[in-house]
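# Coordinates in review
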Amino acid sequence: MATSYDDDLYGWAMEQAAALRAGAFSAIDRENLAEEIETLGRSQLSGLVSAWRVVLLHMLKFDHQPDRRSRSWALSICDQRDQAADVLADSPGLKRRLDEAVVRAYRGARLDAARETGLPLHVFPEECPYTRDEMLTRDFPIDPRT
């Protein structure tokens, strides 16, 4: 292998993939390859958490600022639900970490909601007030004139 992991990640990755396909296992950079595979898995969990964080943020805003409800919040919830569903479809192994993902997503959504609404943090419950089913299926009726 001619390309260094530290100098050219893309080139290194292409060489590692070629070595794997060729069965040239002695040429594999095992430690860095294992780290990259683990990082890929963590990025899938992060993608799920990120999508659910936006869903929860807009749910909190919807519930705590009824006079400011907007079509964009409802559309964002729909979009991020789809994003989360795509992540889970691509990585069904994440299903065993769904509770953890909700906790992580809510922790960030709560802080975001306080920052975006200007309401004190204590207004938002410390633990997620929504079930996973509510996160995935709750309807958000919005006046079509908005």
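Above this text is the structure in question.
Heads up: these notes are all about the structure in this document. Keep in mind the model is a prediction, meaning the values are calculated, not measured. (Residues numbered from 1 in each chain as written. Predicted model: local features only at pLDDT ≥ 70, side-chain atom pairs only at ≥ 80, totals over all residues. Heavy atoms only, no water.)

## Thoughts on a negative patch on the surface
A surface patch of negative charge is lined by Asp79, Asp82, Asp86 and Asp90. Tracing the backbone shows Asp82 in helix H3 (residues 71-90). (Patch = residues over 30% accessible without salt bridge, like charges linked within 9 Å, V, L, I, M, F, W, Y side chains within 5 Å. Areas by Shrake-Rupley, 256 points an atom, 1.4 Å probe, with all protein chains shown as cover. Salt bridge = Lys/Arg side-chain N within 4 Å of Asp/Glu carboxyl O. Lys, Arg positive; Asp, Glu negative; His and termini not counted. Charge placed at Lys NZ, Arg CZ, Asp CG, Glu CD. Helix = DSSP H or I, 4+ residues; strand = E, 2+ residues; numbered from the N terminus.)

## Let's talk about the nonpolar core
In this structure, Leu48, Trp52, Leu56, Met59, Leu60 and Met135 are the most contacted members of the largest nonpolar core, which totals 30 residues. Looking at this core, the elements that each hand over two or more residues are helix H2 (30-64), H3 and helix H4 (98-117). Take this core: its biggest share by element is 11 residues, from H2. Every residue in contact with Trp52, bar those within four places of it in the chain, is listed here: Ala84, Leu88, Leu98, Ala101, Val102, Ala105, Arg132, Met135 and Leu136. Counting residues in hydrophobic clusters, the runner-up holds 5 residues, among them Tyr5, Trp12, Ala19 and Ile28. (Core = buried A, V, L, I, M, F, W, Y, C linked by side-chain atoms within 4.5 Å. Buried < 20%, exposed > 50% of the residue type's maximum accessible area, 1.4 Å probe, protein only. Contact = heavy atoms within 4.5 Å.)

## Some thoughts on the pattern of salt bridges
As enumerated under the stated definition, the model contains 8 salt bridges in all. The salt bridge involving Glu100 is made with Arg97; its shortest N-O contact spans 2.9 Å. Assessed through its relative accessible area of 33%, Glu100 is described here as partly exposed. When the shortest N-O distance is used, the salt bridge between Arg104 and Glu100 registers 3.6 Å.

## Quick word on the packing of H2 against H3
Remark: H2 packs on H3, axes separated minimally by 9 Å, with the N-to-C direction vectors making an angle of 155°. For the element pair H2 / H3, the angle class is roughly antiparallel. Pair H2 / H3 crosses with left-handed handedness. Within the contact between the two elements, H2 uses Gln44, Gly47, Leu48, Ser50, Ala51, Trp52, Val54, Val55, His58, Met59, Lys61 and Phe62 and H3 uses Trp73, Ser76, Ile77, Gln80, Arg81, Gln83, Ala84, Val87 and Leu88. Within the contact of H2 with H3, the residues separate by chemical class into 12 nonpolar, 7 polar and 2 charged. (Axes fitted to C-alpha atoms, helices over the stretch in contact; angles between N-to-C directions. Parallel < 35°, antiparallel > 145°, perpendicular 65-115°, else oblique. Left-handed = near helix turned anticlockwise from the far one by under 90°. Nonpolar A, V, L, I, M, F, W, Y, C, P; charged D, E, K, R; others polar.)

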